[in-house]
Amino acid sequence: MTLLLAILGIGTAHAQTPIDLDTAASLLGKSSGQPVRLHSTRDFGREPFMAARSVLVDPAQAEALVESLRSRLGPGLIAFVGTDNSLADPPAMGSEVVVAKGADQFDILRVAASNAVNYDMATEDLIRKLKEWDAAYGIDIYMASTDTIAFRLKTLPPDLHAFAEEVYAFCPDTVDQGIGSVDALAEVIGRDRVVGLWWD
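Residues numbered from 1 in each chain as written. Predicted model: local features only at pLDDT ≥ 70, side-chain atom pairs only at ≥ 80, totals over all residues. Heavy atoms only, no water.

**Q** Would you mind going over the side chain of Lys 129 in detail, with residue names and values included?
**A** For Lys 129, the location among the structural elements is in helix H5 (residues 123-137). Those residues in contact with Lys 129 that sit more than four places away from it in its chain are Glu 166 and Phe 170. (Helix = DSSP H or I, 4+ residues; strand = E, 2+ residues; numbered from the N terminus. Contact = heavy atoms within 4.5 Å.)

**Q** I'd love a proper account of the packing of aromatic side chains, names of residues and values included.
**A** By the definition in use, this model includes five aromatic pairs. On the numbers, 5.4 Å between centres and 80° between planes, the contact of Tyr 137 with Phe 163 is edge-to-face. One end of the pair, Tyr 137, is in helix H5; the other, Phe 163, is in helix H6 (residues 160-170), with 26 residues separating them in the sequence. Take Tyr 137 and Phe 163: they sit in the same class, and that class is buried. Taking 5.4 Å as the distance between ring centres and 85° as the angle between the ring planes, the aromatic pair formed by Phe 170 and Trp 199 counts as edge-to-face. (Phe/Tyr/Trp six-rings, centres within 6.5 Å; stacked < 30°, edge-to-face > 60°. Buried < 20%, exposed > 50% of the residue type's maximum accessible area, 1.4 Å probe, protein only.)

**Q** So what about the side chain of Gln 105? Which residues, and what values?
**A** Among the structural elements, Gln 105 can be located in the loop between strand E5 (95-101) and helix H4 (107-112). Among the polar contacts made by the side chain of Gln 105, one reaches the main-chain amide nitrogen of Ile 141 at a distance of 2.7 Å. Residues contacting Gln 105, with those up to four places away along its chain left out, are Asp 134, Ile 139, Asp 140 and Ile 141. (Polar contact = N/O pair within 3.5 Å; in protein donor to acceptor, adjacent residues only side chain to side chain.)

**Q** An account of H6 is requested, with residue identities and associated values reported.
**A** Along H6, the positions that sit buried rather than exposed are Phe 163, Ala 164, Val 167 and Phe 170. The buried side chains of H6 occupy one side of the element, clustering within an arc of 120° when seen end-on. Buried residues along H6 sit in contact with H5, strand E7 (148-153), helix H8 (182-192) and strand E8 (194-198). Looking at where H6 begins, the residue whose side-chain oxygen comes 3.2 Å from the main-chain nitrogen of His 161 is Asp 159. (Arc of directions from axis to C-beta.)

**Q** Account for unusual backbone geometry, naming residues and giving values.
**A** Residue Pro 90 follows Asp 89 across a cis peptide bond; omega there is 0°. As for its placement among the helices and strands, Pro 90 is situated in the loop between strand E4 (77-81) and E5. Notably, Ala 113 is not glycine yet its phi reads approximately 55°, a positive angle. Position of Ala 113 among the secondary structure elements: in the loop between H4 and H5. When its relative accessible area of 23% is taken as the criterion, Ala 113 is described as partly exposed.

**Q** Just give me the short version of the packing of helix H2 (residues 21-32) against helix H3 (residues 59-73), but keep the residues and values in it.
**A** Where H2 meets H3, the axes come as close as 11 Å, and the angle between the chain directions of the two elements is 140°. The chirality of how H2 crosses H3 is right-handed. Only Leu 65, Leu 69, Arg 72 and Leu 73 of H3 make contact with H2, whose side of the interface consists of Ala 24, Leu 27, Leu 28, Ser 31 and Ser 32. Residue composition of the contact of H2 with H3, grouped by class: six nonpolar, two polar and one charged. (Axes fitted to C-alpha atoms, helices over the stretch in contact; angles between N-to-C directions. Left-handed = near helix turned anticlockwise from the far one by under 90°. Nonpolar A, V, L, I, M, F, W, Y, C, P; charged D, E, K, R; others polar.)

**Q** Account for H2, with residues named and values stated.
**A** Over its twelve residues, H2 extends 16 Å from the first C-alpha to the last, a length consistent with the 16 Å expected when each residue adds 1.5 Å. Considered for burial, the residues of H2 that qualify are Leu 21, Ala 24, Ala 25, Leu 27, Leu 28, Gly 29 and Ser 32. Turning to H2, the residues buried within the fold contact strand E3 (52-57), H3, E4 and E5. Looking one or two residues past H2, Gly 33 carries a phi angle of roughly 70°, positive in sign. (Expected span 1.5 Å × (residues − 1).)

**Q** So what's going on with the nonpolar core? Which residues, and what values?
**A** Counting 37 residues, the largest nonpolar core has Leu 130, Trp 133, Ile 141, Ile 149, Phe 151, Leu 197 and Trp 199 as the members making the most contacts within it. Leu 21, Ala 79, Val 81 and Tyr 142 belong to the second-largest nonpolar core, a separate cluster that totals 19 residues. (Core = buried A, V, L, I, M, F, W, Y, C linked by side-chain atoms within 4.5 Å.)

Here it is as structure tokens:
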């Protein structure tokens with residue numbers, strides 16, 4: 001009966017068979033049309049991380065590729081935009097799209113080894129704050145590299161200015177070396193539902 005239902009496509013719409021990292025890497029290569037690297041990178045592209053796979057794509061295509069992959073990877077795997085500003089010698093050209101094993105979206109930061117060392121915050125410190133925002137509003141992390149994280153808000157905070165102040169306190173460079181004011185940050189978050197964090 002189960003086989004018959006599967007053949008007919010009945011009751012299987014939400015079933016997703018787990019796939020392994022090699023299969024995910026093959027999917028990544030086919031979806032991007034780019035050669036798969038047997039690593040992702042950390043430390044601004046200078047340190048290979050051998051437990052992940054990646055491709056280099058045009059930055060304008062990276063986010064859409066991640067979204068496409070996520071719908072097909074299934075449980076136990078993560079996909080995200082990784083290093084997009086390589087300081088390797090020679091530098092890698094393009095944005096990294098990464099697939100790796102992960103239990104949830106917070107493993108994205110662990111794979112990328114994201115940190116804010118200039119503000120005395122390691123990877124787990126950043127994760128703790130993002131988990132707070134996830135519990136309050138729901139977030140979708142889609143990009144992480146050495147010093148940069150980007151996520152979408154599933155629900156807008158009721159007080160955007162207060163939330164922007166919280167973002168500023170957590171990541172001053174977002175305003176001081178970026179958008180210029182907390183008011184402007186609140187306006188952009190309200191318009192785009194996207195928060196970009198960057199620690200210089």
